[in-house]
Amino acid sequence: PRNVHLIILAIVSSGIVQSFMAFSQIYSFAQSNPSKLTEGIWINGYYGQANFFSSHLFIAIILCAYYISPKALKSIKDKKQRRSITFLGAISLVVLITATILSYSEWGIISLVVAIIFILSFELLPKKIFKLISLLSIVALIIVSLILYNYFPRYELRIDIWQKIQEIFSNLYESRKYGNL
């Protein structure tokens, strides 16, 4: 109920803040070294990695798209409130999608296209067909993930990143547990 709306607003707002951080990165590169913009630099907001950045933005994009969908807007009776939510949601979507594209994250851009197709399918297809497509997509995603993991070792780098993050947090926990911090 109400808390869910506040949580969603917080996620979308944090995505917008990240997007503006990315825009300020582009601006600072344009001022200091414009050649970096043509070299394909990775814009990543406060994250150190463009894929993590675009993943954060996807959550905000999907939630924002849901809130401006006709299915979600049906529950709002006040016409002015419906218009303002649609307007703010559309502007937020433009900001979030632009930042995702500017991140130069290959998988981020591919995922953006898939997310747009998924959102349109949710809106346009009957529920049973959408559920079937969703289930088949999850199965296909698992199969493709296993293939990428087994046959393309460069994707193991992502696993290494997650292992390092886990190692940092476990060391932090152990230090606090024994009073070293």
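Note that the structure is a prediction, hence the values are computed from the model and not measured.

1. Notes on the nonpolar core
Here's step 1: One finds Val 12, Phe 53, Leu 57, Ile 61, Leu 93 and Leu 96 to be the most contacted residues of the largest nonpolar core, which totals 16 residues.
Here's step 2: Beyond its immediate chain neighbours, meaning those up to four positions away, Leu 57 contacts Gly 15, Gln 18, Ser 19, Leu 96, Ala 99 and Thr 100.

2. Let's talk about the packing of helix 3 (residues 50-67) against helix 5 (residues 79-102)
Here's step 1: Helix 5 packs onto helix 3 with a crossing angle of 160° between their chain directions and a minimal axis gap of 9 Å. In terms of orientation, helix 3 and helix 5 fall into the roughly antiparallel class. Judged by the twist between their axes, the crossing of helix 3 over helix 5 is left-handed. Of the residues in helix 5, those in contact with Phe 53, Ser 54, Leu 57, Phe 58, Ala 60, Ile 61, Cys 64, Ala 65 and Tyr 67 of helix 3 are Ile 85, Gly 89, Ser 92, Leu 93, Leu 96, Ile 97, Ala 99 and Thr 100.
Here's step 2: Residue composition of the contact of helix 3 with helix 5, grouped by class: 13 nonpolar, four polar and no charged.

3. Notes on a positive patch on the surface
Here's step 1: Together, Lys 71, Lys 74, Lys 127, Lys 128 and Lys 131 give the surface a local cluster of positive charge.
Here's step 2: Counting residues per element, the positive patch draws most heavily on helix 7 (residues 127-151), which supplies three residues.
Here's step 3: Relative to the elements of secondary structure, Lys 131 occurs in helix 7.
Here's step 4: By relative accessible area, Lys 131 is classed as exposed at 57%.

4. Some thoughts on the packing of helix 3 against helix 6 (residues 106-124)
Here's step 1: Relative to each other, helix 3 and helix 6 sit at 15°, their axes nearing to 11 Å. The orientation of helix 3 with respect to helix 6, classified from their angle, is roughly parallel. At the point where helix 3 passes helix 6, the crossing takes the right-handed sense. Residues Ser 54, Phe 58, Ile 61, Ile 62, Ala 65 and Tyr 66 of helix 3 lie in contact with helix 6, whose contacting residues are Gly 108, Ser 111, Leu 112, Ile 119 and Phe 122.
Here's step 2: Classifying every residue of the contact of helix 3 with helix 6 by side-chain character gives eight nonpolar, three polar and no charged.

5. Overview of a nonpolar patch on the surface
Here's step 1: Taken together, the side chains of Trp 107, Ile 110, Val 114, Phe 118, Ile 129 and Ile 133 present a nonpolar region at the surface, about 490 Å² in accessible area.
Here's step 2: Taken together, the elements giving at least two residues each to the nonpolar patch come down to helix 6 and helix 7.
Here's step 3: Mapped onto the secondary structure, Ile 133 falls in helix 7.
Here's step 4: Ile 133 sits in the partly exposed class, given a relative accessible area of 33%.

6. Some words on helix 6
Here's step 1: Its 19 residues give helix 6 an end-to-end C-alpha distance of 27 Å, which sits within 8% of 27 Å, the value for a rise of 1.5 Å per residue.
Here's step 2: Buried within helix 6 are the following residues: Gly 108, Leu 112, Ala 115 and Ser 121.

Cut-off values and rules
- Residues numbered from 1 in each chain as written.
- Predicted model: local features only at pLDDT ≥ 70, side-chain atom pairs only at ≥ 80, totals over all residues.
- Heavy atoms only, no water.
- Core = buried A, V, L, I, M, F, W, Y, C linked by side-chain atoms within 4.5 Å.
- Buried < 20%, exposed > 50% of the residue type's maximum accessible area, 1.4 Å probe, protein only.
- Contact = heavy atoms within 4.5 Å.
- Axes fitted to C-alpha atoms, helices over the stretch in contact; angles between N-to-C directions.
- Helix = DSSP H or I, 4+ residues; strand = E, 2+ residues; numbered from the N terminus.
- Parallel < 35°, antiparallel > 145°, perpendicular 65-115°, else oblique.
- Left-handed = near helix turned anticlockwise from the far one by under 90°.
- Nonpolar A, V, L, I, M, F, W, Y, C, P; charged D, E, K, R; others polar.
- Patch = residues over 30% accessible without salt bridge, like charges linked within 9 Å, V, L, I, M, F, W, Y side chains within 5 Å.
- Areas by Shrake-Rupley, 256 points an atom, 1.4 Å probe, with all protein chains shown as cover.
- Salt bridge = Lys/Arg side-chain N within 4 Å of Asp/Glu carboxyl O.
- Lys, Arg positive; Asp, Glu negative; His and termini not counted.
- Charge placed at Lys NZ, Arg CZ, Asp CG, Glu CD.
- Expected span 1.5 Å × (residues − 1).

From the geometry alone we can't say anything about function, so treat these as descriptive.
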